[in-house]
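Now for the letters of each chain:
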Amino acid sequence: MTNSPEATTPDSNPASAVTDAGAAGAPAAPEFERLVEPRSENRLALEGGVWHQISPKYVTVQLISTGSFLVAVVAATLVLTLLMHQLWAWIPGGIMTVILAWTLAILPRQARAIGYQLRDDDLVFRRGILWQRFVAVPYGRMQLIDITHGPLDRGFGIAQLKFVTAAAATGVVIPGLAQSTAETLRDHLVEVAESRRTGL
């Protein structure tokens, strides 16, 4: 049911756009094995077709960035309370520590719930376990496709792909894509979007 996004090549059929990166001479990027779904029978079920996932390196990057912030919060709380005797700092510091620790604990499962599917007329993006989100972005409505990555992302070779449409509510950001996958997918989607807008 799920496939991992290795790299994409332009194709007349968007649903078959994702191909093996090794065939193009690029090393295959590792991905999660399958999408995680909520256990409830009332969940938004995955549709048939090939679902592509993000790189596990996304989890590593998020663990480093969130973990660093958690260390900074704990250090600031200890300095304020123990050295400066500001006992009120225990309350916001404790709340932030619990929130960040919970975020770190559920991060791997959240990342495995992120996926996208290339269909004939649109791209479907899904994420979330407790709060599920499914968004279908028609190729012809894509106005801007943007790749962004920070220093930590570049160090691990990942990037995020952002789609901007006329309706802001349908904006989609796919995080944690291998950089080569993001670049090739961007080029493919730009080509398909242009052909749909011109009616070819």
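What you see is a predicted model, and the numbers here were worked out from it, not measured in a lab. (Residues numbered from 1 in each chain as written. Predicted model: local features only at pLDDT ≥ 70, side-chain atom pairs only at ≥ 80, totals over all residues. Heavy atoms only, no water.)

1. So, the pairing of strand S5 (residues 122-127)
And then number 1: Of all six residues in S5, five are buried, a share of seventy percent or more.
And then number 2: Once strand S4 (residues 115-118) ends, the chain turns through three residues before running back antiparallel as S5.
And then number 3: Note that S5 and strand S6 (residues 133-138) share six bridges and pair antiparallel. Across the sheet, residue Arg 126 finds its bridge partner in S6, namely Phe 134.
And then number 4: Adjacent in sequence and paired antiparallel, S5 and S6 are bridged by five residues, among which Gly 128 carries a positive phi angle near 95°. (Buried < 20%, exposed > 50% of the residue type's maximum accessible area, 1.4 Å probe, protein only. Helix = DSSP H or I, 4+ residues; strand = E, 2+ residues; numbered from the N terminus. Pairing = 2+ DSSP bridges.)

2. What about the packing of aromatic side chains?
And then number 1: In this structure the tally under the stated criterion is one aromatic pair.
And then number 2: With 6.2 Å between their ring centres and 90° between their planes, Trp 51 and Phe 134 make a pair best called edge-to-face. Of this pair, Trp 51 sits in the loop between strand S2 (18-19) and strand S3 (52-53) while Phe 134 sits in strand S6; the two residues are 83 residues apart in sequence, bridging distant segments of the chain. (Phe/Tyr/Trp six-rings, centres within 6.5 Å; stacked < 30°, edge-to-face > 60°.)

3. Section: the confidence of the model for the protein
And then number 1: Summary statistics for the protein give a mean pLDDT of 82 and a share of 81% for residues scoring 70 or more.
And then number 2: The secondary-structure element of the protein with the lowest mean pLDDT is strand S1 (residues 7-8), recorded at 40, while helix H1 (residues 57-83) shows the highest, at 96.
And then number 3: Confidence over residues 1-12 falls short of pLDDT 50; this stretch has 58 contacts with residues more than four positions distant or in other chains.
And then number 4: Per-residue pLDDT stays below 50 along residues 14-28; that stretch engages in 37 contacts with residues further than four places along the chain or on separate chains. (pLDDT = per-residue confidence, 0-100. Contact = heavy atoms within 4.5 Å.)

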